[in-house]
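Below, each chain spelled out in residue letters.
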Amino acid sequence: ELKVEQNPLFLSMQEGKNYTIYCNYSTTSDRLYWYRQDPGKSLESLFVLLSNGAVKQEGRLMASLDTKARLSTLHITAAVHDLSATYFCAVEETSGSRLTFGEGTQLTVNP
Amino acid sequence: DGGITQSPKYLFRKEGQNVTLSCEQNLNHDAMYWYRQDPGQGLRLIYYSQIVNDFQKGDIAEGYSVSREKKESFPLTVTSAQKNPTAFYLCATSRIAGVGNEQFFGPGTRLTVL
């Protein structure tokens, strides 16, 4: 059974600071997705990582995938308040079709 | 206006009632999914369908039923057998079922049992 763990689950940071969210998973996969969820809203796709060593960047967010370590990171650079949200990683099973989600990291960026 | 629509946005159910949540898409995507989200938690897969007239159970299918008679539609029925149905329900689609297909999410239905 595929298990996905995120840490930290809660993150409070100041504007302008950098931080990294980690996503570990338990079985072989080389496809991982990051999503953002605002309170009371649906999920918005952020990054699609489809191979070992993949790196994607959008604004102040950068995601990477190390399939050998079964680890993905979401790095936040110079955080701003608008980044406050819950971030989920989701890992695709090798058979395709299904995603298993982490518990989410609730990020709060304080002025 | 393309996308995924879910209705209703809010739904209240009395104990013992069955209710059906609608999910419609005009993206021409083959695969559709239903997830449940409880407060402060991640998403759990209820059912998914890769093609019309076929669907598979996810991790928490008990107390739920689905149908896939049309490509565009994947309704979810929450039956009275589901003991704790209060949750946020999200429908998702992907272009084709299989490797490396990003899932896109509808706006969700919030179900409350009175």
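See the structure shown above.
Quick caveat, the model's predicted, so the values are computed rather than measured.

Chemist: Is there a simple way to think about the state of the cysteines in this case?
Modeler: In a disulfide, the sulfur atoms of two cysteines are covalently bonded to one another. The final tally for this structure, using the stated rule, is 2 disulfides over all chains. Between the sulfur atoms of Cys23(A) and its disulfide mate Cys89(A) the distance is 2.0 Å. Here the disulfide of Cys23(A) and Cys89(A) is right-handed, its torsion about the S-S bond being about 80 degrees. Taken as a pair, Cys23(A) in strand 3 (residues 19-25) and Cys89(A) in strand 9 (residues 85-92) lie far apart in primary sequence, 66 residues in all. Looking at Cys89(A), the relative accessible area reads 0%, which means it is buried. Here Cys23(B) is linked by a disulfide to Cys91(B), with a sulfur-sulfur distance of 1.9 Å. Disulfide Cys23(B)-Cys91(B): the torsion about the S-S bond is -70 degrees, which places it as left-handed. Taken together, the residues Cys23(B) in strand 3 (residues 19-25) and Cys91(B) in strand 9 (residues 87-94) connect sequence positions 68 residues apart.

Chemist: Quick question: what am I supposed to make of the nonpolar core here?
Modeler: Soluble globular proteins tend to bury their nonpolar side chains together. Residues Leu32(A), Trp34(A), Leu74(A), Ile76(A), Tyr87(A) and Leu107(A) are the most contacted members of the largest nonpolar core, which totals 25 residues. When contributions to this core are tallied by element, the ones reaching two or more residues are strand 2 (10-14), strand 3, strand 4 (32-37), strand 5 (43-49), strand 7 (61-66), strand 8 (71-76), strand 9 and strand 11 (105-110) of chain A. It is strand 9 of chain A that contributes the most residues to this core, 4 residues altogether. Core analysis: the second largest hydrophobic core is formed by 20 residues, Leu11(B), Ala61(B), Val66(B) and Tyr89(B) among them.

Chemist: In this structure, what is going on with the side chain of Gln82(B)? I would like to understand it.
Modeler: Residues and elements named next belong to chain B. Residue placement: glutamine 82 occurs in the loop between strand 8 (76-78) and strand 9. A polar contact is formed between the side chain of glutamine 82 and the backbone oxygen of glutamate 62, at a distance of 3.0 Å. Discounting chain neighbours no more than four positions away, the residues touching glutamine 82 are Arg13, Arg36, Glu62, Gly63 and Tyr64.

Chemist: Looking at this structure, I do not really get the interface of chain A and chain B. What am I missing?
Modeler: How big an interface is tends to be stated in terms of the accessible area lost upon association of its parts. Counting residues at the interface gives 21 residues for chain A and 26 residues for chain B. Between chain A and chain B lies a buried interface of about 1,700 Å² when both sides are counted; carbon and sulfur atoms form 52% of it. Of all residues in chain A, Ser97(A), Arg98(A) and Phe101(A) give up the largest surface area on contact with chain B, accounting jointly for 35% of the area buried on that side. Along the contact surface separating chain A from chain B lie 1 salt bridge. Secondary structure elements with two or more residues in the side of chain A that touches chain B: strand 4, strand 5, strand 9 and strand 10 (99-101) of chain A. Partitioning the side of chain A that touches chain B into residue classes produces 8 nonpolar, 8 polar and 5 charged.

Chemist: Help me understand the sheet that holds strand 3 of chain B, please; the structure alone is not making it clear to me.
Modeler: Hydrogen bonds between backbone atoms are what pair the strands of a sheet, whose relative direction is either parallel or antiparallel. All names here are of chain B. Taking strand neighbours across the sheet as the criterion, the 4 strands line up as 1-3-8-7 in an open arrangement whose pairing is antiparallel. If you trace the sheet from one side to the other, it starts and ends with strand 1 (4-7) and strand 7 (64-66), each paired once. Strand-to-strand, the axes of this sheet are offset by a mean angle of 20 degrees, without reference to chain direction. Relative to strand 8, strand 3 runs antiparallel, the two being bridged by 3 bridges. Bridging across to strand 8, threonine 20 finds its partner in threonine 77.

Chemist: Before we go on, may I ask you to explain the pattern of salt bridges in this structure?
Modeler: If the charged atoms of two oppositely charged side chains come close together, the side chains can form a pair. All names here are of chain A. Tallying each qualifying case throughout the model produces 9 salt bridges over all chains. Of the charged contacts, one joins aspartate 38 and arginine 36 as a salt bridge, the two residues approaching to 2.9 Å between their closest N and O atoms. On the basis of relative accessible area, aspartate 38 is assigned to the partly exposed category, the value being 27%. Overall, the relative accessible area of 14% leaves arginine 36 in the buried class. A salt bridge links glutamate 93 to arginine 98; its shortest N-O distance comes to 3.6 Å. Given a relative accessible area of 23%, glutamate 93 falls into the partly exposed group. We classify arginine 98 as buried; its relative accessible area is 11%. Overlapping salt bridges, with partners in common, bring together Asp30, Arg31 and Glu92 in one network.

Rules of the game
Residues numbered from 1 in each chain as written. Chains lettered and ligands numbered in written order. Predicted model: local features only at pLDDT ≥ 70, side-chain atom pairs only at ≥ 80, totals over all residues. Heavy atoms only, no water. Disulfide = S-S within 2.5 Å. Helix = DSSP H or I, 4+ residues; strand = E, 2+ residues; numbered from the N terminus. Buried < 20%, exposed > 50% of the residue type's maximum accessible area, 1.4 Å probe, protein only. Core = buried A, V, L, I, M, F, W, Y, C linked by side-chain atoms within 4.5 Å. Polar contact = N/O pair within 3.5 Å; in protein donor to acceptor, adjacent residues only side chain to side chain. Contact = heavy atoms within 4.5 Å. Buried area = accessible area lost by both parts, 1.4 Å probe. Salt bridge = Lys/Arg side-chain N within 4 Å of Asp/Glu carboxyl O. Nonpolar A, V, L, I, M, F, W, Y, C, P; charged D, E, K, R; others polar. Pairing = 2+ DSSP bridges. Axes fitted to C-alpha atoms, helices over the stretch in contact; angles between N-to-C directions.

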